[in-house]
Amino acid sequence: ASQALAERRPLSVCRAPLDEILSAFTEPHRLEWRVRNRVLDVRPALSASSESRRTRTVERLRRALRLAPGHPTESAAELAVANLSFANGHVREAMAAYRTLLDEHGTSREATCASYNLGLLELRRGELRAARGRFLELLDRRAEPKWVDLAHWWIARTHLDAGEVDAAVPFLKRARNGSAP
């Protein structure tokens, strides 16, 4: 919608949600809008913090996902929602979003990234076995070489954190030797 406005093309708003229409008209002009007590208030936008920009982006991505289920970039949008949720400090929400992405799009490239990120979050929470399982899952996926190398490193790290030095050594060697071209 914003692009159509910028190019001064006719814009079809049939069945479009009002918030989408208002945002399309106001955002390019650095305006924000609110409806309070059935009154539309439009004013200059205040500069937003990074967190509030991420939060707005998450809201818009979720809205887009609701409006276009099954879209070819659905898994990429879901990954972005999870990553932005994490960046805003919503770890449980991010973990749930990564799990949902894995359940719904388990063979996509984004699922590989979600599995890796979920493994890192599990490691951060001290869930060594769960994290190791996620990184082993990356190996089972026959992921791209960069993911395989990272998985070997983090599997070794989970063994080291558990005091299992001998179990870590083969994974450290694989990580060092690398499988990336």
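Before any of the text, the structure's been laid out above.
Residues numbered from 1 in each chain as written. Predicted model: local features only at pLDDT ≥ 70, side-chain atom pairs only at ≥ 80, totals over all residues. Heavy atoms only, no water.

1. Considering the overall build of the protein chain
Step number 1: Broken down by element type, the protein chain carries nine helices and two strands.
Step number 2: Its helices and strands in sequence order give the protein chain the pattern α-α-β-β-α-α-α-α-α-α-α, from N to C terminus.
Step number 3: Buried residues in the protein chain amount to 32% of all 181 residues.
Step number 4: Within the protein chain, contacts between residues separated by at least 24 positions form 40% of all contacts whose residues are at least 6 apart in sequence.
Step number 5: Summing over all exposed atoms, the protein chain offers an accessible surface of approximately 11800 Å²; the carbon and sulfur share of this is 53%. (Helix = DSSP H or I, 4+ residues; strand = E, 2+ residues; numbered from the N terminus. Buried < 20%, exposed > 50% of the residue type's maximum accessible area, 1.4 Å probe, protein only. Contact = heavy atoms within 4.5 Å. Areas by Shrake-Rupley, 256 points an atom, 1.4 Å probe, with all protein chains shown as cover.)

2. A few points about the packing of aromatic side chains
Step number 1: Evaluation of the coordinates by the stated rule reveals four aromatic pairs.
Step number 2: Summarising the aromatic geometry, the rings of Trp153 and Trp154 are spaced 6.2 Å apart at their centres and angled 70° between planes, so their arrangement reads as edge-to-face.
Step number 3: Classification of Trp153 by relative accessible area gives partly exposed; the value is 39%.
Step number 4: Through a chain of ring-to-ring contacts, three or more aromatic side chains come together here, namely Tyr116, Phe135, Trp147, Trp153 and Trp154.
Step number 5: Between Arg174 and the ring centre of Phe171, over which it is positioned, the NZ or CZ distance is 5.1 Å. (Phe/Tyr/Trp six-rings, centres within 6.5 Å; stacked < 30°, edge-to-face > 60°. Lys NZ or Arg CZ within 6 Å of the ring centre and 35° of its normal.)

3. So, a nonpolar patch on the surface
Step number 1: Together, Val35, Leu40 and Val42 make up a nonpolar patch on the protein surface, roughly 240 Å² of accessible area in all.
Step number 2: With respect to the secondary-structure elements, Val42 resides in strand E2 (residues 39–44). (Patch = residues over 30% accessible without salt bridge, like charges linked within 9 Å, V, L, I, M, F, W, Y side chains within 5 Å. Salt bridge = Lys/Arg side-chain N within 4 Å of Asp/Glu carboxyl O.)

4. A short note on the packing of helix H6 (residues 109–124) against helix H8 (residues 145–161)
Step number 1: Put simply, H6 and H8 touch, their axes get as near as 12 Å, and they point 20° apart. Overall, the two elements H6 and H8 adopt an arrangement that is roughly parallel. Pair H6 / H8 crosses with left-handed handedness. Of H8, the residues touching H6 (which contributes Thr112, Cys113, Tyr116, Leu120 and Leu123) are Trp147, Leu150, Trp154, Arg157, Thr158 and Asp161.
Step number 2: The residue makeup of the contact of H6 with H8, split by class, is seven nonpolar, two polar and two charged. (Axes fitted to C-alpha atoms, helices over the stretch in contact; angles between N-to-C directions. Parallel < 35°, antiparallel > 145°, perpendicular 65-115°, else oblique. Left-handed = near helix turned anticlockwise from the far one by under 90°. Nonpolar A, V, L, I, M, F, W, Y, C, P; charged D, E, K, R; others polar.)

5. A closer look at H8
Step number 1: With 17 residues, H8 should cover 24 Å at 1.5 Å per step; its first-to-last C-alpha distance of 24 Å lies within 8% of that length.
Step number 2: When H8 is considered as a whole, its buried residues turn out to be Trp147, Val148, Asp149, Ala151, His152, Trp154, Ile155, Ala156, Thr158 and His159.
Step number 3: Backbone geometry just after H8 places Gly163 at a positive phi near 80°. (Expected span 1.5 Å × (residues − 1).)

6. Points about the packing of helix H4 (residues 74–87) against H6
Step number 1: Two elements in contact, H4 and H6, have axes separated by 10 Å at closest approach and are oriented at 20°. If you check the angle between H4 and H6, you find them roughly parallel. Where H4 crosses over H6, the handedness of that crossing is left-handed. Two secondary-structure elements touch here, H4 through Ser75, Ala76, Leu79, Asn83 and Phe86 and H6 through Glu110, Cys113, Ala114, Asn117, Leu121 and Arg124.
Step number 2: The residue makeup of the contact of H4 with H6, split by class, is six nonpolar, three polar and two charged.

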